[in-house]
Amino acid sequence: MTLPDPAIVVPGITATYLRDDYPLPPEVIWRVLPFQKHFGSACLHPDDLRYEAREPALIRPGPLYEVAYKELIDELRYDLSPSPEAEVPVYPFAYDWRKPLDMIEADLDAFIDEVIERTVLTRHYYKDGYDCRRTVTLIGHSMGGLIIAGFLQATGGLRTRRRRTCPDHRVSKVISLASPFRGSFEAVVKMTTGTADLGLGASSSREREAARLTPALYHLLPSFDEGLEVPAPLPRTLFDPQVWQPSILRSIETFVARTSPITRTVRKRTEALFAGLLDQARTHRERLDAFRLDQAGLGPRDWLAVVGCGADTRTRLTIAALEDGPSFVLTSDDRRNTWPNGTDTGDGTVPFLGAEPSFLDRANLVCVTPDDYGYWELEDKALTRFGGGFHGILPNMNMLHRLIVRFVTGAPDPHQKTWGRPAPGVRPDAWDPPIPGLRNKAL
């Protein structure tokens, strides 16, 4: 029996600890709880977004958030392994989630090579012939799915050095969990108010500053037309500076004036900075929209796309035209849930239409809802309702762990302990998930 490939878990935005290695001992500047987040230390420098606004500093990624990923990683390490002596490695990929996604994709590229080389060194994988295979499984939650898709689009997952005995591509299977391939309106809310269902905590001016200078957050802006109401003659895209309310640009300008050692042309540099962040994100989204699975040696049977549905989710955004410029109208009426009959639904953070990838057919998607938590998952149910929301805690779902194992190993499910639901508008007889015979829980 061939061992499953080593797996790599790519977390979502803000879900990795950050530490400053400049002080001795190092200081953790970003933790799970809101009062443990030091927004001033995490804010990037407007003149060079590779570095921090407060220098000297050496910010590095730390561990993944255990509340969201420990259970997933522990369960996969146990359930994928055929025996204690033949452990299947499941690696967490920690990254600096503030940076542009193309930079993170390059780090993932190098990490995949490292995981492959480490796995070749293990005796049971060497005996299994892994040296002639050298492939991995990638698991991405939330923004992690965008990073995986962007990496595959940019590189095809191809090896830097071809080996005659190995496949050309390094990725054998992909699992994406609640990934906003076409964005989320919560990214707009986060940049506008400083708080949103992308994370916990009350709004603060420091949080707004940090959000507006976080390149990765711009990559989560929605690009689907449905639900965006923009008055003419403004462009119908959030990747154009013209549709953004002036207060956001003014606050960035104030931050630039306070932080940059260059005191001239502050307004002009601020406009260029903001436009550059939007353009960088737009270009990345266009890359994702153009991605096709065969570029990475994959097909629809090799990608399990899990989409969260059945929760009240912001599915629309209205932009009003005021005298001093555009203004975002944010109301609770924009949060809707028409599941299972309509697409105005989501996981509380990512709307269904934002989670729908261009490289898969809607019939290939596997939908899960908060009802899929088991009877004993009381803590996860509570967190879903009162804490991080369904989106943030979705990787903890026990049924989902079993679903991933079944997808990776191809194992049968005689006791029907795994299931899913078709996406809205997909007939039961047209549903085509990548797991043959998967039970339709909607029936």
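Given the structure is predicted, the values throughout are model-derived calculations rather than measurements.

1. A look at the overall build of the protein chain
Looking only at helices and strands, the protein chain features 14 helices and 18 strands. Whereas a compact globule of 443 residues would reach a radius of gyration of roughly 22 Å, the protein chain reaches 22 Å, a difference of no more than 12%. Viewed in the frame of its principal axes, the protein chain has a C-alpha envelope of about 65 × 55 × 40 Å. By the burial criterion, 55% of the 443 residues in the protein chain qualify as buried.

2. Things to note about the packing of aromatic side chains
By the definition in use, this model includes 16 aromatic pairs. An aromatic cluster of three or more residues is present, and its members are Y91, F93, Y95 and F111. Against the face of F407 rests K173, its NZ or CZ located 4.8 Å from the ring centre. Across from the ring centre of W419, 4.1 Å away, lies the NZ or CZ of K441, which sits over that ring.

3. Quick notes on the packing of helix 9 (residues 246-259) against helix 10 (residues 266-290)
Where helix 9 meets helix 10, the axes come as close as 9 Å, and the angle between the chain directions of the two elements is 120°. The orientation of helix 9 with respect to helix 10, classified from their angle, is oblique. The element helix 9 and its partner helix 10 pack so that their crossing is right-handed. Seen from helix 9, the contacting residues are I248, L249, R250, I252, E253, V256 and A257; seen from helix 10, they are V266, R267, R269, T270, E271, L273 and F274. Counted by class, the contact of helix 9 with helix 10 contains eight nonpolar, one polar and five charged residues.

4. Observations regarding the confidence of the model for the protein chain
Within the protein chain, residue pLDDT values average 92, and 94% of them lie at 70 or more. Every residue in residues 197-203 is under pLDDT 50, and counting partners more than four places away or in other chains gives 23 contacts.

5. Some thoughts on the sheet that holds strand 7 (residues 90-92)
Strand order in this open sheet of six strands is 7-1-8-9-11-16, and the pairing throughout is parallel. The open sheet has two edge strands, strand 7 and strand 16 (366-368), and neither has a second partner. Taken over all neighbouring pairs, the strand axes of this sheet differ in orientation by 20° on average, direction set aside. Contacts between helix 2 (residues 66-80) and the sheet are confined to strand 1 (7-10), strand 7 and strand 8 (136-141), with strand 7 contributing the most and set at about 160° to the helix. In the packing of helix 5 (residues 143-155) onto the sheet, the strands contacted are strand 1, strand 8, strand 9 (171-177) and strand 11 (303-308), and the crossing angle to strand 8 comes to about 135°.

6. Digging into the sheet that holds strand 3 (residues 27-30)
Taken together, the three strands give an open sheet; going across it, the order is 3-2-6, and neighbouring strands pair in antiparallel fashion. Edge positions in the sheet fall to strand 3 and strand 6 (59-64), since each of these pairs with one other strand and no more. Going across the sheet, the axis of each strand differs from the next one's by a mean of 40°, ignoring polarity. Bridge count for strand 2 (residues 16-20) against strand 3 is three bridges, and the pairing is antiparallel. In the sheet register, D20 faces strand 3, and the bridge partner there is E27.

7. Remarks on the packing of helix 3 (residues 101-120) against helix 5
Axis angle and axis distance: for two packed helices, these are the angle between their axes and the distance between the axes, and together they describe the pair. Relative orientation of the contacting elements helix 3 and helix 5 amounts to 75°, with a least axis distance of 9 Å. With respect to helix 5, the element helix 3 is oriented roughly perpendicular. Contact with helix 3, carried on its side by L101, I104, E105, L108, D109 and I112, involves M143, L146, I147, I148, G150, F151 and T155 of helix 5 and no other residues of that element. Tallied by class, the residues present in the contact of helix 3 with helix 5 amount to nine nonpolar, two polar and two charged.

8. Regarding unusual backbone geometry
The step from E55 to P56 runs through a cis peptide bond, and the omega angle for that step is 5°. For P56, the position within the fold is in the loop between strand 5 (48-52) and strand 6. The omega angle of the peptide bond from A232 to P233 is 5°, so this bond is cis rather than trans. Phi is positive for T14, close to 70°, though the residue is something other than glycine. Summarising the element assignment, T14 is placed in the loop between strand 1 and strand 2. The partly exposed category is assigned to T14, whose relative accessible area is 22%. Even without being a glycine, R134 presents a positive backbone phi close to 55°. The topology assignment puts R134 in the loop between helix 4 (123-127) and strand 8. Classification of R134 by relative accessible area gives buried; the value is 7%.

About the thresholds
Residues numbered from 1 in each chain as written. Predicted model: local features only at pLDDT ≥ 70, side-chain atom pairs only at ≥ 80, totals over all residues. Heavy atoms only, no water. Helix = DSSP H or I, 4+ residues; strand = E, 2+ residues; numbered from the N terminus. Rg over C-alpha atoms; globule rule 2.2 N^0.38 Å. Buried < 20%, exposed > 50% of the residue type's maximum accessible area, 1.4 Å probe, protein only. Phe/Tyr/Trp six-rings, centres within 6.5 Å; stacked < 30°, edge-to-face > 60°. Lys NZ or Arg CZ within 6 Å of the ring centre and 35° of its normal. Axes fitted to C-alpha atoms, helices over the stretch in contact; angles between N-to-C directions. Parallel < 35°, antiparallel > 145°, perpendicular 65-115°, else oblique. Left-handed = near helix turned anticlockwise from the far one by under 90°. Contact = heavy atoms within 4.5 Å. Nonpolar A, V, L, I, M, F, W, Y, C, P; charged D, E, K, R; others polar. pLDDT = per-residue confidence, 0-100. Pairing = 2+ DSSP bridges.

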